Amino acid sequence: MDRLKEKFAEKALPMGPEIRQMIKEHGDNVIGEVTVTQVYAGARGVKTLVTETSSLDPEEGIRFRGYSIPELREKLPKAPGGVEPLPEGIFYLMLIGELPTEEDVVNVSNNFARRSIVPKHVFDALDALPESTHPMTQLTIGIMAMQTESLFAKAYNEGINKSEYWDYTYEDCMNLIARLPRVAAYIYRRKYHNGAHIEPDPKLDWAANFAHMLGFEKYEFQRLMRLYLTIHADHEGGNVSAHTTHLVGSSLGDAYQSLAAGMNGLAGPLHGLANQEVIKWILSMQKELGGGKLSNKQIEGFIRKTLDDGKVIPGYGHAVLRKTDPRFTAQMDFAKKYLPDDELVNIVWSLYELVPPILNETGKVKNPWPNVDAHSGALLVYYGMKEYEFYTVLFGVSRSLGVLASLCWDRALSLPIERPKSVTTEWIKQVIDQKVSA
Ligand code: CMX
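Because the structure is a prediction, the values reported are computed rather than measured.

Examining unusual backbone geometry
So, step 1. You will see that Ala-43, though not glycine, has its phi angle at about 55 degrees, which is positive.
So, step 2. Mapped onto the elements of the fold, Ala-43 is located in the loop between α3 (36-40) and β1 (54-57).
So, step 3. By relative accessible area, which is 43% here, Ala-43 ends up partly exposed.
So, step 4. With a phi close to 55 degrees, Gln-434 is a non-glycine residue in the positive phi region.
So, step 5. In this fold, Gln-434 is placed in the segment after α21 (425-432).
So, step 6. Residue class for Gln-434 comes out exposed when judged on its relative accessible area of 72%.

Observations regarding the sheet that holds strand β2 (residues 61-64)
So, step 1. Read from one edge of the open sheet, 3 strands run β1-β2-β3, paired in antiparallel fashion. Single-partner strands in this sheet number two, and they are β1 and β3 (67-68).
So, step 2. In this structure, β2 lies alongside β3, joined through 2 bridges in antiparallel fashion. Bridge pairing in β3 links Phe-64 to Tyr-67.

As for a nonpolar patch on the surface
So, step 1. The grouping of Val-34, Val-36, Val-39, Tyr-40, Val-423, Trp-427 and Ile-432 at the surface amounts to a nonpolar patch, some 630 Å² of accessible area in total.
So, step 2. Secondary structure elements with two or more residues in the nonpolar patch: α3 and α21.
So, step 3. Among the elements that take part in the nonpolar patch, α3 stands out by supplying 3 residues, more than any other.
So, step 4. Relative to the helices and strands, Val-39 is located in helix α3.

Here we look at helix α19 (residues 373-382)
So, step 1. In terms of burial, α19 is largely enclosed, as 9 of its 10 residues are buried.
So, step 2. Within α19, the full set of buried residues consists of Asp-373, Ala-374, His-375, Ser-376, Gly-377, Ala-378, Leu-379, Leu-380 and Val-381.
So, step 3. As for α19, its buried residues are in contact with α12 (219-231), α15 (274-288), α17 (326-338), α18 (343-362) and α20 (391-412).
So, step 4. Gly-384 occupies a position one or two residues after α19 and carries a positive phi of about 105 degrees.

Re helix α13 (residues 240-250)
So, step 1. Turning to α13, its buried residues number three or more, namely Ser-241, Ala-242, Thr-245, His-246, Gly-249 and Ser-250. Looking straight down α13, one finds that the buried residues subtend no more than 165 degrees of arc, so they occupy a single side.
So, step 2. Those residues of α13 that are buried are in contact with α14 (255-266) and α20.
So, step 3. Positive backbone phi, approximately 70 degrees, marks Leu-252, located one or two places after α13.

A closer look at the pattern of salt bridges
So, step 1. In the structure shown here, the tally under the stated rule is 22 salt bridges.
So, step 2. One salt bridge connects Glu-84 with Arg-73, and the closest N-O pair in it is separated by 2.7 Å. One end of the pair, Glu-84, is in the loop between α4 (69-75) and α5 (87-96); the other, Arg-73, is in helix α4, and 11 residues separate them in sequence.
So, step 3. Here the salt bridges share partners, and the residues they tie into one network are Asp-2, Lys-5, Arg-115, Asp-167 and Glu-171.

Some thoughts on the nonpolar core
So, step 1. Grouped together as the largest cluster of nonpolar side chains are 116 residues, with contacts concentrated most on Phe-8, Phe-91, Leu-214, Met-225, Leu-351 and Met-385.
So, step 2. With 14 residues, the single largest contributor to this core is helix α10 (residues 165-192).

Thoughts on the packing of α17 against α18
So, step 1. In the contact formed by α17 and α18, the axes pass within 11 Å of each other and the chain directions differ by 135 degrees. Considering the angle they form, α17 stands oblique to α18. For the pair α17 and α18, the sense of crossing is left-handed. Residue-level contacts link Phe-328, Met-332, Ala-335 and Lys-336 of α17 to Val-345, Val-348, Trp-349 and Tyr-352 of α18.
So, step 2. Across the contact of α17 with α18, the residue classes tally to 7 nonpolar, no polar and 1 charged.

Concerning the pairing of β2
So, step 1. Pairing between β1 and β2: 4 bridges, direction antiparallel. Looking across to β2, one finds that Leu-56 is bridged to Ile-62.
So, step 2. From the end of β1 to the start of β2, which pair antiparallel, there are 3 residues.
So, step 3. The turn joining β2 and β3, which pair antiparallel and follow one another in sequence, is formed by 2 residues; a positive phi near 45 degrees is taken by Arg-65.

What counts and what doesn't
Residues numbered from 1 in each chain as written. Predicted model: local features only at pLDDT ≥ 70, side-chain atom pairs only at ≥ 80, totals over all residues. Heavy atoms only, no water. Helix = DSSP H or I, 4+ residues; strand = E, 2+ residues; numbered from the N terminus. Buried < 20%, exposed > 50% of the residue type's maximum accessible area, 1.4 Å probe, protein only. Pairing = 2+ DSSP bridges. Patch = residues over 30% accessible without salt bridge, like charges linked within 9 Å, V, L, I, M, F, W, Y side chains within 5 Å. Areas by Shrake-Rupley, 256 points an atom, 1.4 Å probe, with all protein chains shown as cover. Salt bridge = Lys/Arg side-chain N within 4 Å of Asp/Glu carboxyl O. Contact = heavy atoms within 4.5 Å. Arc of directions from axis to C-beta. Core = buried A, V, L, I, M, F, W, Y, C linked by side-chain atoms within 4.5 Å. Axes fitted to C-alpha atoms, helices over the stretch in contact; angles between N-to-C directions. Parallel < 35°, antiparallel > 145°, perpendicular 65-115°, else oblique. Left-handed = near helix turned anticlockwise from the far one by under 90°. Nonpolar A, V, L, I, M, F, W, Y, C, P; charged D, E, K, R; others polar.

Right, dumping it as structure tokens:
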């Protein structure tokens with residue numbers, strides 16, 4: 001058994017019996033109530049999920065196993081001479097619940113490298129698609145093509161004992177995370193670089209190898225990738241990509257089926273696709289306003305026109321957050337340090353000043369502040385990745401770390417198939433009229 005798996009088993013397996021005992025003793029304790037508004041408004045704030053890897057506070061933002069993003073940028077191990085955390089470290093933290101040592105992180109890197117070979121038929125499946133296929137569609141097809149490799153599906157088919165589910169799930173999750181950058185890079189090179197593919201370099205860490213396979217060899221891009229892949233990794237359990245992965249996994253769908261489902265959720269424009277929408281929107285603003293340095297008045301006019309046209313301002317608002325997203329702030333700090341004079345970055349900062357008061361004027365937007373997607377595109381364009389339709393794939397590669405660490409926990413805790421109750425509007429009317437009780 002590999003060291004990470006051993007440590008995971010040591011941490012996670014005793015928690016199953018502990019939780020079952022807690023349910024036995026305190027299962028009738030009430031931890032919330034549900035209003036009619038919450039039922040219609042996407043179950044905001046309804047506590048119905050357990051996710052161990054991270055937790056989101058509306059005012060403060062995300063904490064991974066108790067650590068904020070600034071703390072993690074300081075405390076997580078870095079590559080030699082590097083300044084940003086290695087994403088392997090946040091994966092270790094989410095999976096094990098403890099900060100990793102440098103040795104732990106090297107061990108995870110090597111573990112991923114050992115598992116990273118992608119079978120040829122996956123590339124054949126991608127090659128069969130029209131090049132115009134959106135990269136996120138290609139990503140989910142690539143993940144599903146890899147499902148032939150699911151050790152869980154094979155073992156289940158052969159009839160394993162329930163107590164072993166976590167073991168095969170762990171193997172699938174590790175293999176999938178190890179192989180995902182290769183598939184993502186293949187999609188990028190095929191679509192945007194005439195299929196001039198780049199072989200992986202197993203000596204590099206997970207993020208640097210990804211940057212290398214994408215065709216970006218400069219240290220500056222690696223540095224951005226390490227930050228990017230760390231901060232997008234998880235956002236507790238209720239967001240669409242995490243929840244979908246968990247939901248499909250709860251049916252004992254394997255890690256490939258679960259992640260592909262989650263990635264289809266991430267591909268929605270109100271979720272991860274917002275990162276491409278932001279840059280597309282800023283570029284269309286520049287085009288419409290004639291380029292050059294834009295004045296605040298011009299930008300303000302464009303924001304108002306977007307709202308008047310019945311569209312959302314991409315990169316702004318959040319279902320849970322009520323303050324500026326610390327993932328936005330981390331990227332802003334990065335940009336202040338390395339690219340403070342960049343034109344696009346300066347538009348992002350002008351938007352940060354101008355959008356919130358305008359959204360507040362609408363009187364309906366609950367959170368007028370920027371989210372993670374408001375900044376990322378400007379950084380990528382600066383470092384040479386201009387193909388914005390690919391941006392959500394980067395988000396997805398990072399998000400696999402959190403949702404698959406969670407899937408390991410779901411299996412280790414033997415969480416059951418998810419099945420909340422749905423009701424009809426007729427039933428709700430009867431509750432309101434006190435004809436039936438809730
Ligand atoms: N621009 C314009 N209107 C917005 C808005 C924005 N950025 N954010 C919210 N609103 C509107 C909603 O569309 C809704 O309008 P209606 O009542 O007419 O339907 C109203 O304000 C209330 O919405 P809310 O309760 O504040 O927000 P929700 O929890 O329903 O939705 C979110 C959250 C993120 C979908 C929404 O803020 C949005 O559409 N933002 C733009 C897209 C975006 O950036 N998504 C990325 C989120 C982060 C991520 O998952 O990656």
